Amino acid sequence: MDYFNIGKIVNTHGIRGEVKIIPLTDEPKRFELLEYVYIDNNRTIEKYTINSIRYFKNMIIIKFDELKDMTSAEKLKQSIIKIPRELALPLEDDEYYVQDLIGIDVSTDAGRDLGTIKDIIFTGSNDVYVIETDDKKEILIPAIKQCIKQVDMKNKTMIVLLLEGLIDE
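Report follows, based on the coordinates. This is a predicted model, so every value here is computed, not measured.

The next point concerns the overall build of the protein. The number of helices and strands found in the protein is one helix and twelve strands. The C-alpha extent of the protein, read off along each of the three principal axes, is 55 × 30 × 30 Å. Across the 169 residues in the protein, those meeting the buried criterion constitute 36%. Looking at the protein alone, contacts between residues at least 24 apart form 49% of all its contacts between residues at least 6 apart.

What follows deals with the sheet that holds strand S1 (residues 3-13). Reading around the barrel, the six strands line up as S1-S2-S5-S4-S3-S6 and close back on themselves, with antiparallel pairing between neighbours. For this sheet, the mean inter-axis angle between neighbouring strands, taken without regard to orientation, is 50°. Bridging between strand S3 (residues 36-40) and strand S4 (residues 45-56) involves five bridges; their strand directions are antiparallel. Opposite isoleucine 39, over in S4, you have glutamate 46 as the bridge partner.

Attention now goes to the nonpolar core. If you look at the biggest cluster of nonpolar residues, it comprises 21 residues, and the most contacted ones within it are Ile21, Val37, Ile39, Phe64 and Ile81. Residue assignment for this core shows that the elements contributing at least two residues are S1, strand S2 (18-23), S3, S4, strand S5 (59-64) and strand S6 (80-84). Not counting chain neighbours up to four residues away, the residues in contact with isoleucine 81 comprise Phe4, Asn5, Ile6, Gly7, Ile9, Ile21, Phe31, Val37, Tyr38, Ile39 and Phe64. Listed in part, the 14 residues of the second largest apolar core include Ile117, Tyr129, Ile131 and Val160.

This paragraph deals with the pattern of salt bridges. All chains considered together, the criterion is met by eight salt bridges. Between aspartate 2 and arginine 85 there is a salt bridge; the shortest N-O distance is 2.6 Å. Here arginine 85 lies in the loop between S6 and strand S7 (105-108) and aspartate 2 lies in the segment before S1, a separation of 83 residues in the sequence. Judged by its relative accessible area of 36%, aspartate 2 is partly exposed. With a relative accessible area of 29%, arginine 85 lands in the partly exposed category. Of the charged contacts, one joins glutamate 18 and arginine 54 as a salt bridge, the two residues approaching to 2.8 Å between their closest N and O atoms. Of this pair, glutamate 18 sits in strand S2 while arginine 54 is found in strand S4, placing the two residues 36 residues apart along the sequence. Within this structure, Asp2, Arg85 and Asp100 form a network of salt bridges that share partners.

The rules behind the values
All residue numbers refer to position in the chain's written sequence, counted from 1. Totals for whole chains, interfaces and linings use every residue, but because this is a predicted model, local features are given only for residues with pLDDT of at least 70 and side-chain atom pairs only at 80 or more, for both listing and counting. To get the side-chain values, take all heavy atoms of the structure and skip hydrogens and water. The numbering of helices and of strands both runs from the N terminus, where a helix is a DSSP run of H or I of at least 4 residues and a strand a run of E of at least 2. Categorising residues by exposure relies on relative accessible area from a 1.4 Å probe, with only protein chains included: less than 20% of the type maximum marks a residue as buried, more than 50% marks it as exposed, and the intermediate range marks it as partly exposed. By the convention used here, residues are in contact when the closest approach between their heavy atoms is within 4.5 Å. When DSSP finds two or more bridges between a pair of strands, those strands are recorded as paired. Simply put, an axis is a line fit to the C-alpha atoms, just over the touching stretch for a helix, and the angle between two N-to-C directions goes from 0 to 180 degrees. Residues belong to a common nonpolar core when they are buried Ala, Val, Leu, Ile, Met, Phe, Trp, Tyr or Cys residues joined through side-chain atoms within 4.5 Å. Basic side-chain nitrogens of Lys or Arg form a salt bridge, by our definition, when they fall within 4 Å of a carboxyl oxygen of Asp or Glu.

Shown next, in the form of structure tokens:
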């Protein structure tokens, strides 16, 4: 099954099995549209039923039916919350799912090949694309309008403008 990562469990909350989640989605309120999610805790991916949702600062606090106490919630710390692709929010024109960027070819607006996107770092303010060059070095490109000039999902390419200091020449 093809999953999208929409959150990361960072801690427990209280003693009744609630968990604190950092959203990995542009739409944190999208959790309210879900009846269940899948949790990947590095061993297995299991389905969890959402009982309640509330918000605290930049976090989401969720109570799952399957978690009865703090001890059971503790075991899910650092786990990733996933949903199947078919539950993802529909895209607008010129939008794309972040995970679909993994593996696309990146070049500069001057035509220089940089490499392929191998990872995405979620910083809170903006995402950062990790581009692996042919010689296995990494270039970090902030996902901001000044840098990302064109994304062509059909041809799996991205054109970027390298701002001063982004790569060592």
